[in-house]
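Read off the chains here:
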2 protein chains.
Amino acid sequence: MHDDPVLQVAPDTLPTLSAWAQKIAPTPLQIALASAAKPSVLSLALGLPDPTLLPHVAISEAARRVALSNRSALQYSIPHLPLKEHIRTLLMEKGVECPLECIFLTQGAQQALNLLSVLLLNKRSLIVEEKFSYPGFQSLTSSFSPEVLTVSTSARDGIDVDALEILLSRSSRPPALIYVMPNAHNPLGVTMSIEKRIRLASLAREFKVPLIEDDPYGELFYDERIPPIRSIESQWVYYVGTFSKLLGPSLRVGWIVAPEKHVEALSVIKENCDLNIMTYPQCIVNEYLDTNDLTLHLAHLRSSYKERRAAMNCALSDHMPSGVKWHVPSGGIFFWIDLPDGLDATALLIKCLEEQNVAFLPSQAFSRGNAKSGMRLNFSHPTPDQLVDGVRRVGTVLNSLLQ
Amino acid sequence: MHDDPVLQVAPDTLPTLSAWAQKIAPTPLQIALASAAKPSVLSLALGLPDPTLLPHVAISEAARRVALSNRSALQYSIPHLPLKEHIRTLLMEKGVECPLECIFLTQGAQQALNLLSVLLLNKRSLIVEEKFSYPGFQSLTSSFSPEVLTVSTSARDGIDVDALEILLSRSSRPPALIYVMPNAHNPLGVTMSIEKRIRLASLAREFKVPLIEDDPYGELFYDERIPPIRSIESQWVYYVGTFSKLLGPSLRVGWIVAPEKHVEALSVIKENCDLNIMTYPQCIVNEYLDTNDLTLHLAHLRSSYKERRAAMNCALSDHMPSGVKWHVPSGGIFFWIDLPDGLDATALLIKCLEEQNVAFLPSQAFSRGNAKSGMRLNFSHPTPDQLVDGVRRVGTVLNSLLQ
């Protein structure tokens, strides 16, 4: 007998979560980003559109009119067909021809990616993505415990198609999907050349691998517009588009262009998720498109964001130390900065938050935690003055580290 | 050598779907329901609110004001806190006390159920549901290939808690969840007694099984209001609520009341689904609640639907043959009809469509295809004249079958 008190085991007072949900825990990056959300922090971290460039007045009028005049706007009803017709027109302007039956409306691009994952992935499927890729895709596919193969991406013209071909020909089993962002790649900013798009389409066909073409920034091009891969190949490409960056993210209206035979399965998957009845926002976007000039609005977005791109490029030239490299992005809302080898971008973020109250997204966020030395800077949400100030602050910390 | 032509195998020209997606195929019931959607059919099948009872004018004004005055209404932003305060008030009126941190906003009740499944279920988990239950829950959980145990339900006072206790005590492994609808059960219409709610709460605690309390019809009670199970037990109950039947399904605003410790995991799961930024509809509902009298609106809904309940009850008494039985539902929007044993409700639906252009939902829709002899009739969407006519038409077919 001894004096130690008997260990009191607390009763298990909460339900046991699923194996996957038990693994959910904040990463060091998420903890850093939580502190980046403080109002005192100048954030270049997220990918928000400038709210002053969103059509608040036109959307408010569209929302009012639709709820008043359309008796099925608030009701359970099927996906809104007239909106699909507008989307078909938008797609034709990009060179994509498809029947209405191939257009499937989603709750933004994120849900599109989620539905496609359920459509195409089994537990432990093999997926191919770029070495740097969209974290929302990486996070949602992680629940499938996939085997992930990565391909590097040239900052000049996009994914390394030769490396991809070798990888596909040597793979012991066929990948369940390839995920790419040909326009204004997030986070790299690069737009894939037409030659590489053609190669990619033919690799998908040859190796019979479905290809997800994620295109949230396709309308935000500042130099030239290149046709989507879907315009080259229709059987093996699932094209994902969205109005989020153009009209407002919280409207949550996006779409998939899928082979017609798979649309029924997508409907069932979406009904399980949310009943597939987001009619009101769909009607609002449709009413906006009926009564406003989208072409004019997009031209205004492009010219405004192009000016900020120039402002950020100047600020980078002024404030980044030597050894730091970047390309001017041809579209989208981000600069990607290559930091000197060995510099840990998450550690840099923590230092930037502590010393300069400024935030960005480090390369770890885009590489399933692996890649250390890069950062993504947003230029759409901060004002021109803020983005110059933000780059100056990051430069101050970098200069102190590298001198 | 023989003359048979060489079999031409068509090339595999479309991507291979996931194992689960390959199994998606329309059931005979779905095919019947597709023909029930024709405009010429008088439908008592679905669970739509009466559109003339939805607050179109107030919602249209709320949508306009919010998009004009709130600069973050269309932006990416976090779930809308003021709406959670309104929901907390609504919950308190039902006897549920909970901090704001336990309220998690969802895209309607269907998404709430989907997120809770991901939170709680593994592949082949054991789940407990009532013999008749909500098809949307059955369909979404089918992707987990669950083992399903069923408990019968009394039309007088709800789930058979004695049978449930025996089932839990004899189960070789603990169920991952129990799913119930205590108020105005869909499809049975029955409201669970307070005694059974107390027993259910204590069984969940005793056997450490999470209980999903799905409550889409809780505000549509026509006799008395009984407190939710969540008011009795907070650790083991996940309460699901929604504004769908009250303000408009396509607003897609629902919520979960969960143990606070699980809200972070729900956030990650929802971000993977759709980024968790349905701010605009959340702001619209909040603005509606700020500037309108919900209590008055709910009283109007109850009195209107109560009249239709009376009309349908009269029509059933007038037109149903003997051997057909029903209880008057204490809430919600459905009558459940017990047909004579051996009568196949899906076959009856097909006959009703062919001979009388009238539709309902047969019992197979609510029992994972198993139970034959029941039907669900909706009384919220048809006008009083239509519902009397619909019941008369179903009665005509039934009388011809049973005479």
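(A) View of the overall build of chain A. Within chain A, the regular secondary structure consists of 14 helices and 15 strands. The C-alpha radius of gyration of chain A comes to 23 Å, within 12% of the 22 Å expected for a compact globule of 403 residues. Referenced to the eigenvectors of the C-alpha coordinate spread, the extents of chain A come out at roughly 70 × 65 × 50 Å. Side-chain charges of chain A comprise 36 positive and 41 negative groups, with the mean position of each set lying 1 Å from the other.

(B) Just a positive patch on the surface, in detail. Taken together, the side chains of Lys23, Lys123 and Arg124 of chain A together with Lys23, Lys123 and Arg124 of chain B define a basic patch exposed on the protein surface. In this fold, Lys123 of chain B is placed in the loop between α5 (108-120) and β3 (126-130). Judged by relative accessible area, which is 48%, Lys123 of chain B ranks as partly exposed.

(C) Local environment of the packing of helix α3 (residues 56-69) of chain A against helix α3 (residues 56-69) of chain B. Interaxial distance between α3 of chain A and α3 of chain B falls to 8 Å at its minimum, and their mutual angle equals 175°. Comparing the axis directions of α3 of chain A and α3 of chain B gives the class roughly antiparallel. Mapping the contact onto sequence places His56, Val57, Ser60, Glu61, Ala63, Arg64, Ala67 and Leu68 of chain A in α3 of chain A and His56, Val57, Ser60, Glu61, Ala63, Arg64, Ala67 and Leu68 of chain B in α3 of chain B. Counted by class, the contact of α3 of chain A with α3 of chain B contains eight nonpolar, four polar and four charged residues.

(D) Fine view of the side chain of His262 of chain B. Among the structural elements, His262 of chain B can be located in the loop between β10 (254-257) and α10 (263-274). A relative accessible area of 6% means that His262 of chain B is categorised as buried. Leave out the neighbours within four places in its chain, and His262 of chain B touches Leu14, Pro15 and Leu17 of chain A together with Leu119 and Tyr238 of chain B.

(E) Region of the structure containing the relation of the copies chain B and chain A. Each copy superposes on the other: chain B lies on chain A with an RMSD of 0.0 Å after a rotation of 180° and an axial shift of 0.0 Å. The two molecules are tied by a two-fold rotation axis, judged by turn and shift. In this assembly, 99% of the residues forming the interface of chain B have copies in chain A that are likewise at the interface, indicating an isologous arrangement.

(F) Quick peek at the interface of chain B and chain A. Listed as interface residues are 76 residues of chain B and, on the opposing side, 75 residues of chain A. When the two sides are added together, the surface that chain B and chain A hide from each other amounts to roughly 6,300 Å², 62% of it contributed by carbon and sulfur. Remark: the boundary between chain B and chain A carries zero salt bridges. The element best represented in the side of chain B that touches chain A is α3 of chain B, accounting for nine residues. Within the side of chain B that touches chain A, the residues separate by chemical class into 42 nonpolar, 24 polar and 10 charged.

(G) Seen up close, the sheet that holds strand β12 (residues 334-338) of chain A. Residues and elements named next belong to chain A. The antiparallel open sheet is built from four strands, whose spatial order is β11-β12-β15-β14. In this open sheet, the two edge strands, each paired with only one partner strand, are β11 (325-326) and β14 (361-362). Bridging between β12 and strand β15 (residues 374-378) involves five bridges; their strand directions are antiparallel. Considered in β15, the bridge of Asp338 is made with Gly374.

(H) Structural detail: helix α8 (residues 194-207) of chain A. All names here are of chain A. For α8, built from 14 residues, the straight-helix expectation of 20 Å at 1.5 Å per residue is met to within 8% by its first-to-last C-alpha distance of 20 Å. Listing the buried residues of α8 in full gives Lys196, Arg197, Leu200, Ala201, Leu203 and Ala204. In an axial view of α8, the angular spread of the buried residues amounts to 160°, which keeps them on one side of the axis. With respect to the buried face of α8, the exposed residues turned more than 90 degrees away are Glu195 and Glu206.

(I) Spotlight on the pattern of salt bridges. All names here are of chain A. Summed over all chains, the structure comprises 38 salt bridges over all chains. A salt bridge links Glu61 to Arg64; the shortest N-O distance between them is 3.1 Å. Pair noted here: Glu61 and Arg64 are both in helix α3, with a separation of three residues, about one helical turn. According to the relative accessible area criterion, Arg64 is partly exposed, its value standing at 23%.

Thresholds, definitions, all that
- Residues numbered from 1 in each chain as written.
- Chains lettered and ligands numbered in written order.
- Predicted model: local features only at pLDDT ≥ 70, side-chain atom pairs only at ≥ 80, totals over all residues.
- Heavy atoms only, no water.
- Helix = DSSP H or I, 4+ residues; strand = E, 2+ residues; numbered from the N terminus.
- Rg over C-alpha atoms; globule rule 2.2 N^0.38 Å.
- Lys, Arg positive; Asp, Glu negative; His and termini not counted.
- Charge placed at Lys NZ, Arg CZ, Asp CG, Glu CD.
- Patch = residues over 30% accessible without salt bridge, like charges linked within 9 Å, V, L, I, M, F, W, Y side chains within 5 Å.
- Areas by Shrake-Rupley, 256 points an atom, 1.4 Å probe, with all protein chains shown as cover.
- Salt bridge = Lys/Arg side-chain N within 4 Å of Asp/Glu carboxyl O.
- Buried < 20%, exposed > 50% of the residue type's maximum accessible area, 1.4 Å probe, protein only.
- Axes fitted to C-alpha atoms, helices over the stretch in contact; angles between N-to-C directions.
- Parallel < 35°, antiparallel > 145°, perpendicular 65-115°, else oblique.
- Contact = heavy atoms within 4.5 Å.
- Nonpolar A, V, L, I, M, F, W, Y, C, P; charged D, E, K, R; others polar.
- Least-squares fit on C-alpha atoms with pLDDT ≥ 70 in both.
- Buried area = accessible area lost by both parts, 1.4 Å probe.
- Pairing = 2+ DSSP bridges.
- Expected span 1.5 Å × (residues − 1).
- Arc of directions from axis to C-beta.

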